[in-house]
Every structure is written in structure tokens, then in C-alpha cells.
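Structural overview for review
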Amino acid sequence: MRIDTFDPASLSDAFGIDMSTIDLPGVVGLGAGWGRVSSGKRSDAHQHDEVEMFVFVSGSGEVVVDGARHPVGPGTVIKFDPFETHVIDNTGDADVVFVTCYWREPRHAGEVAVRPDRRRFAERPVFVFSTPPTPNGDLHLGHLSGPYLGADAFVRFQRMNGVRAWHLTGSDDHQSYVVARAAQEQSTPEQVAAHYSAEIARTLELMDIRPDQFTVTSTDPQYREGLRDFFAGLEASGKVARHELPALFDEETGQYLYEVDAAGTCPSCAAATNGNICEECGEPNIVADLVEARSNISGSARTGSLARLALPLHEFREAVATHHRLGRVPARLRELAERVFARETFELPLSHCAQWGVPPRGVDDQVIWVWPEMSYGFLHGIAELGTRIGETWHADKPEQDWKIVHFFGYDNSFYHSILYPVLYGLAFPDWEPDIDYHVNEFYLLDNQKFSTSRRHAVWGKDILAPETVDAVRFYLSRTRSEGERTNFEREAYTAAVREVLTDGWQGWLDGLGRQLNTRFGGVVPDAGIWTPEHTAFYARLGGRLAAVTAHLGQDGFSLRAATAELEGIVTDARAFAEREEVLAGASGWQSENRTAMALELAAARLLSRVATPVMPRFAARLAALLGESEPAWPSTVDLVPAGTRVDLAGQVFFASEPAAHRPQEPAAPEPDEAAPDPLPWLADLVRSTLGLPAQAAVADKTLRELGASSLQAVAVQYQILERLDLDVPMSELLSERNVAELSRHLTEAVAR
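Residues numbered from 1 in each chain as written. Predicted model: local features only at pLDDT ≥ 70, side-chain atom pairs only at ≥ 80, totals over all residues. Heavy atoms only, no water.

What follows deals with the pairing of strand β6 (residues 68–72). Pairing of strand β5 (residues 61–65) with β6 involves five bridges; the strand directions are antiparallel. Note on β6: the bridge partner recorded for Val64 is Arg69. Linking β5 to β6, which pair antiparallel, is a turn of two residues; within it Asp66 sits at a positive phi near 50°. (Pairing = 2+ DSSP bridges. Helix = DSSP H or I, 4+ residues; strand = E, 2+ residues; numbered from the N terminus.)

Our next topic: the pairing of strand β23 (residues 434–440). The buried count for β23 comes to seven of seven residues, which makes it a mostly enclosed element. Residues Asp434, Asp436, His438 and Asn440 point to one face of β23 and Ile435, Tyr437 and Val439 to the other, with burial holding for every one of them. The pairing of strand β22 (residues 403–409) with β23 spans seven bridges and is classified as parallel. Bridged to Phe408 within β23 is Val439. (Buried < 20%, exposed > 50% of the residue type's maximum accessible area, 1.4 Å probe, protein only.)

Glancing now at the sheet that holds β6. As summarised here, the arrangement of the three strands in space is β6-β5-β8, forming an open sheet in which the pairing is antiparallel. Looking at which strands have only one partner, the edges of the open sheet turn out to be β6 and β8 (86–89). Pairs of neighbouring strands in the sheet enclose a mean axial angle of 25°, with direction left out of account. (Axes fitted to C-alpha atoms, helices over the stretch in contact; angles between N-to-C directions.)

Within a beta sheet, neighbouring strands are joined by backbone hydrogen bonds and run either parallel or antiparallel to one another. Pairing within the open sheet is mixed, and its three strands lie in the order β25-β24-β26. The sheet is open, and its two borders are formed by β25 (448–449) and β26 (486–488), each paired with just one other strand.

What follows is about helix α12 (residues 490–520). Where α12 bends most, at Gly507, the angle is about 35°. Backbone geometry just after α12 places Gly521 at a positive phi near 65°. (Bend = angle between axes of the 7 residues up to and from the residue.)

Any two packed helices are characterised by how steeply their axes cross, that is the angle between the axes, and by the distance between the axes. Where helix α13 (residues 532–552) contacts helix α15 (residues 590–610), the axes come no closer than 10 Å and their chain directions differ by 5°. What the angle tells us is that α13 and α15 run roughly parallel. Between α13 and α15, the residues in contact are His534, Phe537, Tyr538, Leu541, Leu545, Val548 and Leu552 and Glu592, Thr595, Ala596, Leu599, Glu600, Ala603, Leu606 and Val610, respectively. Its residues assigned to classes, the contact of α13 with α15 shows 11 nonpolar, two polar and two charged. (Parallel < 35°, antiparallel > 145°, perpendicular 65-115°, else oblique. Contact = heavy atoms within 4.5 Å. Nonpolar A, V, L, I, M, F, W, Y, C, P; charged D, E, K, R; others polar.)

Now for the side chain of Glu52. Of note, Glu52 is situated in strand β4 (residues 51–58). Within the structure, Glu52 has its side chain in polar contact with the side chain of His86 (distance 3.2 Å). A distance of 2.6 Å separates the side chain of Glu52 from the side chain of Thr100, its partner in a polar contact. If we ignore the near neighbours within four places in the chain, the residues touching Glu52 are Ile78, Lys79, Phe80, His86, Thr100, Cys101 and Tyr102. (Polar contact = N/O pair within 3.5 Å; in protein donor to acceptor, adjacent residues only side chain to side chain.)

Right, let's get into the packing of helix α11 (residues 469–478) against helix α14 (residues 559–580). One can describe the packing of α11 onto α14 by two numbers: an axis separation of 7 Å at closest approach and a directional angle of 115°. From α11, Phe474, Ser477 and Arg478 reach across to α14, where they touch Leu559, Arg560, Thr563 and Glu567. When its residues are assigned to classes, the contact of α11 with α14 shows two nonpolar, two polar and three charged.

For the structure on display, the rule yields 40 aromatic pairs. The interplanar angle of 55° and the centroid separation of 5.5 Å between the aromatic rings of Phe6 and Trp34 together place this pair among those described as tilted. Of this pair, Phe6 sits in the segment before β1 (12–14) while Trp34 is found in strand β3 (residues 30–37), placing the two residues 28 residues apart along the sequence. Using a relative accessible area of 27% as the deciding quantity, one classes Phe6 as partly exposed. Geometrically, the ring pair formed by Trp166 and Trp393 is edge-to-face, given 5.4 Å between the ring centres and 75° between the ring planes. In this pair, Trp166 is assigned in strand β11 (residues 165–171) and Trp393 in the loop between α8 (370–389) and β22, connecting sequence segments 227 residues apart. (Phe/Tyr/Trp six-rings, centres within 6.5 Å; stacked < 30°, edge-to-face > 60°.)

Attention shifts here to the nonpolar core. In this structure, Phe488, Trp505, Leu607 and Phe618 are the most contacted members of the largest nonpolar core, which totals 90 residues. When residues no more than four places from it in sequence are discounted, the contact partners of Phe618 are Asp470, Trp505, Leu509, Leu607, Ala611, Phe653 and Phe654. Formed by 72 residues, the second largest nonpolar core is a distinct cluster that contains Leu350, Val367, Phe414 and Val422. (Core = buried A, V, L, I, M, F, W, Y, C linked by side-chain atoms within 4.5 Å.)

Right, let's talk about empty space enclosed by the protein for a bit. Applying the stated rule across the entire model yields three cavities of 30 Å³ or more. A volume near 140 Å³ is recorded for the largest cavity. What lines the largest cavity is a set of 16 residues, and nearest its centre among them are Pro132, Thr215, Thr217, Gly377 and Phe378. Elements with a contribution of two residues or more to the lining of the largest cavity: β11 and α8. A total of six residues in the lining of the largest cavity trace back to one element, the largest contributor, which is α8. (1 Å grid on protein atoms, 1.4 Å probe; cavity = no way out; pocket = protein on both sides within 12 Å on 5 of 7 lines; lining within 4 Å. Points joined across faces, edges and corners; volume = space filled by probe spheres on them.)

What is shown is where atoms sit, not what they do.
In C-alpha cells:
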């Protein structure tokens, strides 16, 4: 017998609280210890491979497990599965004392690690953000391959697994780069933002990326005041205040310089950079600290000082580290935080002297910097989405149970993973945001960076069409810049589509269809006798399913790895078919031949399901040919039901280039001509934008009734502007007017 009692003198710091070890001589595989959490304190968030059990002896508080809070007190016992992120939060007036026991169960840990619903993804709303694009140009393949394709595939996979997940983005209208583009085009920032925001919306639609919320920041009627309220909350924290800080000015005009108007050498890595952020190392600068700083206006610059609202970021090292222990934070981002917080002091300006943007309350000469602005924009998007789907989500009252997932390029890492958690902590001290981060590196074009400003790009509209979208999504996924920079070459893309998709996948499915027609009359046979080779192939497919599930899941998301597994399914199936073909006509092996055919069709069925997040059109069409519709994510490799009629022979699934001849869009009427009744054109526009069948009845329905998303409404709005030169407010498009009534309204407006 051994007795161990709680001894405060033996405690030492561990996991952010006080811990001691309980000695258990002769007990193998079981660890134990005492723990104490002082009043008002909490343990560090962490997860591990052991099963762990807490027995609470005294005090009261809450245990937080993957964002869910559970009250605890004397006599409460909690058992944790491996890899559950947990925290003990002492919300009472007395110390919380508990006993912990922990042990390893490797098989159970392995099962938990691959569960698609890990970290309570199936129990809470999941908001997936692709970083809002700057509307100073259309989207090119570099943009599309990163946050937008990543977020879209992520949400599709989560929904197939029963998760309530939504994709949110918008247009980042108040960027200084919009002002620069307006100057180049002799336009206004408002016109540039409106034009390219709509172009971006159309390109996303062509890519089969349909966000559930698309916020246009310069025109959203609720956005401006909500942002000012949020920023006022930052000032009320006492940490954001006006300070005189070093600044850079144009030598000739005296204009204040930041972002696009300033250039020089990064003070951290010595790479060439513009103001405020270095795309190479990811570290921020305050512009005045650029080495050999120059003005992009006149070529010369001088340093001075200017009072701006600023944040002492260096004070928040521990707060950011605590945040990074809670969700999925790649090592690349944690390493960036280590470099940023190595600075002894870092006063970060949150406002800039400019006219384009939203000024803080009581400030006339400056605007809220667009990057801090974006932190509010995410919350605003959640609230707007909630209003549309009937949820009571509020931007000024974020909920603890929200799960947020960010997709962005490495050059935006500082803002997303370091600055925003700090701002949220200041604005909402009682909210601990649970955020996962998915970051991509630069996607190169002919070994140089894609560039909107330099127009070095392959634009989405140049290559996307209904017949090419799956091939583009496949190739961008296959070469996505995950952990390293990758490169797009037009010839390599064309070759991959031809060799992998057309000759490989399509050729296999065509051959499979012909064999099914010839040997079984186009009807799926039931499996008969299984050979060891059959069993091995079936197990191989199961391994592919497990791998692609892991690669599309929230912990190990990788489109490159997932796409490699899709290719692997076809490679395995073709090799299996070649081996089995030698017995195809043998009269004594009919039962085994039925099994071989059933297994090859099972591979096609598996491909139709697991390709959905990456190649939704191809997957849906293949599923329909196999007799399925709206498939859920599979947990096993299933045979196609015997007796199903399947016609795969001669089907064309892929193309690398858009069709040479497309129907021409009708031109907008000349200003001095009478406008024709636009109903036929408007009805066609609504059908094409919303992805409805060509003959779908739309005249008697509103856009809301037809299921239009905010992104699709923006696309309709822009097309009306382009064709009729009418700027129809979003409130009118999404009003109670049906399409026929909207048509008459447009006709009357043009006539006026």
C-alpha cells in the first residue's frame, strides 16, 4: 500500500500551472500527478497522445475542450481522448486542486488521429475564410491556386462529412493598391474597386468557387459603422493610442508614404520590398525603417515623424503564444512569431494618413489601416451570413463555440496569425478565438512571381470554361505551393491534362465501360469468388481512401497530397485491370471475372466520391453515370450495386483549353437607342450565374428564392452595369421583386 497526499511545497511550474508527480513504484504504463490552478489562472492549452483523466478535489472552474466549456468542481471526473486540446480555467475564488492520471493506448490514439470529425468540427459552426482579394485587378492562377481553391475544397470535404461549414470572403476595397490602380487608369478608387470586385466574383464563379458570403467592404451598408465601433473598442482597451512615430514622406511633394507608395530593402532579410510587409520573410516594417527607402512617386524620400494610432505589439508575445497553442498553427507561422517578437519594442501604426478608407471616430486626417480593418471584416462576414440563413450571429459578440479557419498566402501571415489574435483579445477580452491557419507559398509563373500590378499572370478568365474547370482545379491542386514555392508552365499543364486526365483517367474509364458493355451488357455484375489478388486490391483502395481522407481533413490538409492519392486510385485500378485482363475470356473463371469487374467499378465509384472536393463537375458526372447523386464522404470502399446500368464508354470529361468558339454576349444598347425588354437576357444571366438548367423557370422567383449567394448577386449586379450602364443597388437585387418584376424595373430605368 502507498499513500500520496497533496503537498503544495512539492509543486513546480508545468503547463502554465503548478504540478507535482505522484510516484507509483511497480506500476508500468501509468503516470499520475497533483495539479493546482490558482484563482483567476488557467493552464496552457495542449494536446498529447495519452489518454488522461482528471479527478477534481477542491475549487471550481471550467474545463475547455476544443472550444467547449464544461463546469467542474469537487467530485468531477473527466476523461480525455488522445489529442483533445484541453485547458483548466479557474473561474472561482479558491484554488482548483485535481489529480491527473495518464496512460498510452496506441491503437486508440491511432483511431482518434484519423477521425474526420476531430476537434469538434461536427458539433459547431465552422467559418472558412479565404483572404479577401484586393480589387486592383482580376484573379490570376496564383491567386486561385492558393486561398480560394484551398478554402473551397476544404469546405466541400467538411460538408460531405456532415460539418456545418461555410466559405466566406469578399473584396478588400480600401487597399492603397486600389488608389494606385485608379491613378494608372485615370479613374477613381470607387470605380476601380467596383469594377474589379465584380470581375473577381465572375472569375470565382468560373472556377466553381461559390462563397457563401462575399462582402464588398466599400458598399456594404452596415460595414462602415461596424468597423468604427470595433476600432473604438480597440482604443477603449487603452493599448491603442495616438503616438508620434517615425514616418516616411515624399521628398518633393511631402506626401506621407506607406505600402505601394514606398519601397526599399527589408531591414530584416535585406530583400527588396514595398512598405509595411516583406513578401520574402513575412516580417512587417514601419516604412521609415526601410533601408535605402525611396518614394515610388518621385523617386526620393525623407524621414520624419507623424502621430498615428499605434499598438505596442511587443507586449503581446505571450498572448500570441497562448493563441498558437489552441488551434492548427503551422511551424512556419510560429517561427515567424518568434522573429517578430525578438524585437525589443515594436510600435505598430494602425492608422495612416490617407483619404481612401474608413476614418476612426474623431479623426479626420487618417484612415484605419486596411489590414487591421480586415480583422473586423471577418466578424462582419459571419454576422451577414447569419442574417441571411437565420442565425443570431453578431460581429460585436463573437461566440466561444465558433471555429474559424483561415486560408492565406505566406505574405499575409503576420496579419492573420499574429496581429488579428491581439486585436481580438483587446476588443473582446472574454473571447478566446479558436482559429486554424492554412498557409500557401508563392505560386510562380515561368519561375517568376505572379503579379497583378506588373500583369505577369495567366488570368483565370483566359483558361477557365465549363469544359476546362476540372482540369484547371486538378492541375492547380497537383502543383499547389504548400511548404515550398511551385511553378506553373502552360506546356506542363497541357501535358498533364493530356497524359494524366485524358489518356489516363478518361482512357481507363472508357476502357472499363467498353469491357462492361462487351462482357456484361453494360450492367454491373455481382461479385463472385475473390482471389487473394482481389483482396489485396480492395485493401489498396481502402488505403487510398484513408490517405485522401487524412489529406483533406482539418489537421493535415494538403491538396497536393490528396490529388496524388486520386492519381494513385487510377494508377492502381489500371494496373489491376491489366493483370486481370488475361483471364477475361476464360470460361472457367467467370465468378472471379465478375469480382474483378465489380472491384474495378468500385474504384470508379470511390474516385467519383473522393474527387468531389477537388473536381466537383467531373465527380458529379461520374457519380451520375454510376447511378449515384449527392454522395457523402465514404467510410469504406463500396461496390456499385449489382444490376446498375452504367455507360462509361465514349464519355469525354476533360479539356485543357476553352472551346474555340463561344456564344457572344449581346452588346449593351447604345445610349440613344430604345432599350429592348431585357427579360430573356436577364433570365439567361440569372440561370448561368446561379448554375441553373437552361430551361429552369426563373421569371416568377426572386433571386433569394432561387438561392443566390452574395457573390452571385455581385456578379449579376456587374453584368447589369456592363450591359445597361445601370448601377442597381444590392438591396434591390435581393429585394422581394421576382426576375420578371426586376426586368420591368430595368426597362423603365433605361427608358428614363
